[in-house]
Amino acid sequence: NATNTSDPSPITLSNGKGSWSVTITAEDGKTTNTYTVKFVKAAPVVELLRNGSKVSEHATLADAITAAQSGDELKITAGIDLGTTGVTIDGKSLTLDLNGKTITYSGSSGNAIGLSNGAGLTVTDGSTSGKLEVTSNYAIWNLSTGTVTVEGGTVSATNSNGVAIYNSTGTV
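These figures come from a predicted structure and were not determined experimentally.

Novice: Break down the packing of aromatic side chains for me, citing the residues and quoting the values.
Specialist: By convention here, two paired aromatic rings are described through the distance between centres and the angle between planes. Under the counting rule described, the total for this entry stands at three aromatic pairs. Ring geometry for Trp 141 and Tyr 166: centres 5.6 Å apart, planes at 90°, overall edge-to-face. Note that Trp 141 is positioned in strand β15 (residues 138-142) and Tyr 166 in strand β18 (residues 163-167), a separation of 25 residues in sequence.

Structure below.
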């Protein structure tokens, strides 16, 4: 919910969409302008599959990881730019189907995907040309005893300091 600070009642959204108008009056008390803000639900970029059936769709990879249970599959349905903020899989084993899409990460530190507390990750590509690309640091950083398996797609770090998969104490 969003809130109008001059009218603290919630702005109601229907299916993630809605609008809110505000009229601003200039200091002269006569000149006014009305502005409308439209709220639009972000398009899903990840399908969450459990036992082969779609459970939900998510607008971010982080949201899909949070909603997932160990054994679930995250199927990428559109390219994802993580920007400089990576994601962490904590204590569960997931499959990431790149599905012919590209996930990019441009952070100067950290990793695109981190694994902690025994988490596991299997990377597949149900289509062709799927990629997990970072411009520096780590594409996948296995910080724990989990397992990283790459069955399809490309996992790469294009910077001379980059590492595609960094393994601390787990298995690759």
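Novice: Could you give an account of the pairing of strand β10 (residues 93-97), naming the residues involved and the relevant values?
Specialist: Look at any regular strand and the pattern is simple: side chains alternate between the two faces of the sheet. Where strand β7 (residues 73-76) meets β10, three bridges bridge the pair, whose relative direction is parallel. Bridge pairing links Glu 73 to Thr 95 in β10. Two strands pair when backbone bridges link them, and β10 and strand β13 (residues 120-124) are joined in this way by five bridges, in the parallel orientation. Counterpart to Ser 93 in the pairing with β13 is Gly 120.

Novice: Talk me through the environment of Thr 84; I want residue IDs and the actual numbers.
Specialist: Considering the arrangement of structural elements, one finds Thr 84 in the loop between β8 (80-81) and β9 (87-90). Judged by its relative accessible area of 56%, Thr 84 is exposed. Separated by 26 residues in the primary sequence, Thr 84 and Gly 110 have C-alpha atoms spaced 8.5 Å apart. Discounting chain neighbours no more than four positions away, the residues touching Thr 84 are Tyr 105, Ser 106 and Gly 107.

Novice: Can you tell me about the side chain of Asp 72, naming the residues and giving the values?
Specialist: Within the fold, Asp 72 resides in the loop between α1 (61-67) and β7. Engagement of the side chain of Asp 72 in a polar contact is seen with the side chain of Arg 50, the distance being 2.8 Å. Leaving out residues up to four positions away in the same chain, Asp 72 has contacts with Leu 48, Leu 49, Arg 50, Ser 93, Leu 94 and Thr 95.

Novice: For the pattern of salt bridges, give the residues involved together with the corresponding values.
Specialist: Inspection of every chain in the model, using the stated rule, returns four salt bridges. For Lys 54, the salt bridge identified is with Glu 47, shortest N-O distance 3.9 Å. Overall, Lys 54 belongs to the partly exposed group, its relative accessible area being 48%. In this structure, the salt-bridge partner of Glu 57 is Lys 54, at a minimum N-O distance of 3.3 Å.

Novice: Help me get a handle on unusual backbone geometry, residues and values and all.
Specialist: Of note, the phi angle at Asn 99 is positive, near 55°, even though the residue is not glycine. Mapped onto the elements, Asn 99 comes out in the loop between β10 and β11 (102-105). Residue classification places Asn 99 among the buried positions, given a relative accessible area of 16%. Of note in the backbone geometry, Asn 117 takes a positive phi value of approximately 55° without being a glycine.

Novice: Describe in detail the nonpolar core, supporting the description with residues and values.
Specialist: Nonpolar side chains tend toward joint burial in soluble globular proteins. Leu 61, Leu 74, Leu 96, Ile 103 and Ile 113 are the most contacted members of the largest nonpolar core, which has 30 residues in total. Residues contacting Leu 96, with those up to four places away along its chain left out, are Leu 61, Leu 74, Ile 76, Ile 103, Ile 113, Leu 121, Thr 122, Val 123 and Thr 124.

Novice: Break down the side chain of Lys 92 for me, citing the residues and quoting the values.
Specialist: When you line up the elements, Lys 92 lands in the loop between β9 and β10. No salt bridge is formed by the buried Lys 92. Its closest oppositely charged neighbour is Asp 72, at 7.3 Å. One polar contact links the side chain of Lys 92 to the main-chain carbonyl oxygen of Thr 66, over a distance of 3.4 Å. When sequence neighbours within four positions are dropped, the list of residues in contact with Lys 92 reads Ile 65, Thr 66, Ala 68, Gln 69, Ser 70, Ala 119 and Gly 120.

Novice: Residues and numbers for the sheet that holds strand β12 (residues 111-116), please.
Specialist: Strand order across the open sheet formed by four strands is β9-β12-β15-β18, with parallel pairing between neighbours. Edge strands, defined here as strands with exactly one partner in the open sheet, are β9 and β18. When the angles between neighbouring strand axes are averaged without regard to direction, this sheet yields 10°. Examined bridge by bridge, β12 and β15 share four bridges and lie parallel to one another. Following the sheet pairing, Leu 115 is matched in β15 by Asn 142.

Quick notes on the rules
- Residues numbered from 1 in each chain as written.
- Predicted model: local features only at pLDDT ≥ 70, side-chain atom pairs only at ≥ 80, totals over all residues.
- Heavy atoms only, no water.
- Phe/Tyr/Trp six-rings, centres within 6.5 Å; stacked < 30°, edge-to-face > 60°.
- Helix = DSSP H or I, 4+ residues; strand = E, 2+ residues; numbered from the N terminus.
- Pairing = 2+ DSSP bridges.
- Buried < 20%, exposed > 50% of the residue type's maximum accessible area, 1.4 Å probe, protein only.
- Contact = heavy atoms within 4.5 Å.
- Polar contact = N/O pair within 3.5 Å; in protein donor to acceptor, adjacent residues only side chain to side chain.
- Salt bridge = Lys/Arg side-chain N within 4 Å of Asp/Glu carboxyl O.
- Core = buried A, V, L, I, M, F, W, Y, C linked by side-chain atoms within 4.5 Å.
- Lys, Arg positive; Asp, Glu negative; His and termini not counted.
- Axes fitted to C-alpha atoms, helices over the stretch in contact; angles between N-to-C directions.

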